[in-house]
Amino acid sequence: MYGFSTKLNVPFDTAIAKVTEALKQEGFGILTDVDLKATLKANIERRPYRILGACNPPFANRAVEADPDIGMLLPCNVVVREEADGSITVAFMDPEAVLRLVDNPEVQAMGREVRTLLQRACASLKG
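### Details of helix H3 (residues 57-66)
Every buried residue of H3 is accounted for by Phe59, Ala60 and Ala63. The arc that holds every buried residue of H3, seen down its axis, measures 100°, which confines them to one face. In H3, the exposed positions angled more than 90 degrees off the buried face are occupied by Pro57, Pro58 and Glu65. Where H3 is buried, its residues meet strand E3 (49-55) and helix H5 (105-126).

### A word on the packing of helix H1 (residues 12-25) against H5
In the contact formed by H1 and H5, the axes pass within 9 Å of each other and the chain directions differ by 140°. Here H1 lies oblique to H5, going by the angle between them. Seen along the crossing, H1 lies across H5 with a hand that is right-handed. Where H1 approaches H5, its residues Lys18, Val19, Ala22 and Leu23 are matched on the opposing element by Leu118, Ala121, Ser124 and Leu125.

### Here we look at H1
For H1, built from 14 residues, the straight-helix expectation of 20 Å at 1.5 Å per residue is met to within 8% by its first-to-last C-alpha distance of 20 Å. Buried within H1 we find Phe12, Ala15, Ile16, Val19, Ala22 and Leu23. Looking down the long axis of H1, one finds its buried residues gathered within 135° of arc, a one-sided arrangement. The outward face of H1, more than 90 degrees from its buried face, is lined by the exposed residues Asp13, Lys24 and Gln25. In the core, the buried residues of H1 are packed alongside strand E1 (3-8), strand E2 (29-35), E3, strand E4 (76-82), strand E5 (88-93) and H5. Directly after H1, the chain includes Gly27, whose backbone phi takes a positive value near 90°.

### Some details on the pattern of salt bridges
One pass over the structure, following the stated rule, counts eight salt bridges. Residue Glu83 is joined to Lys7 by a salt bridge in which the shortest nitrogen-to-oxygen separation is 3.9 Å. Separated by 76 residues along the polypeptide, Glu83 in the loop between E4 and E5 and Lys7 in strand E1 bring together distant segments of the chain. Here Glu96 makes a salt bridge to Arg100, at a shortest N to O gap of 4.0 Å. Within this structure, Asp94, Glu96, Arg100 and Arg115 form a network of salt bridges that share partners.

Criteria and cut-off values
- Residues numbered from 1 in each chain as written.
- Predicted model: local features only at pLDDT ≥ 70, side-chain atom pairs only at ≥ 80, totals over all residues.
- Heavy atoms only, no water.
- Buried < 20%, exposed > 50% of the residue type's maximum accessible area, 1.4 Å probe, protein only.
- Helix = DSSP H or I, 4+ residues; strand = E, 2+ residues; numbered from the N terminus.
- Arc of directions from axis to C-beta.
- Contact = heavy atoms within 4.5 Å.
- Axes fitted to C-alpha atoms, helices over the stretch in contact; angles between N-to-C directions.
- Parallel < 35°, antiparallel > 145°, perpendicular 65-115°, else oblique.
- Left-handed = near helix turned anticlockwise from the far one by under 90°.
- Expected span 1.5 Å × (residues − 1).
- Salt bridge = Lys/Arg side-chain N within 4 Å of Asp/Glu carboxyl O.

Take a look at the structure:
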């Protein structure tokens, strides 16, 4: 599996704010915010769907120092999407799974560390 998720029963914009705050508490900022609904609006109608590119600067710096090409696998994406029943799914990329692509034990170890931080952010959303 390449990710893990949780469900929320709050309005979409509230979910975005809660996810952003949960990530911030674990040292992540949002580098990118892709609004797929707005991007596809001209051609396709869809429910709210945002892709947040989360970055923990100290880990990102360590990763780039260990492997300069690691940027192809960064940042950690977090998807926030509205389901047909109105619930919100928050899905986190699993950096441990993704960084197994890199043949570097130091980078793979960072993937495990970052996964722990993202799992804590995910768990905090349930409370």
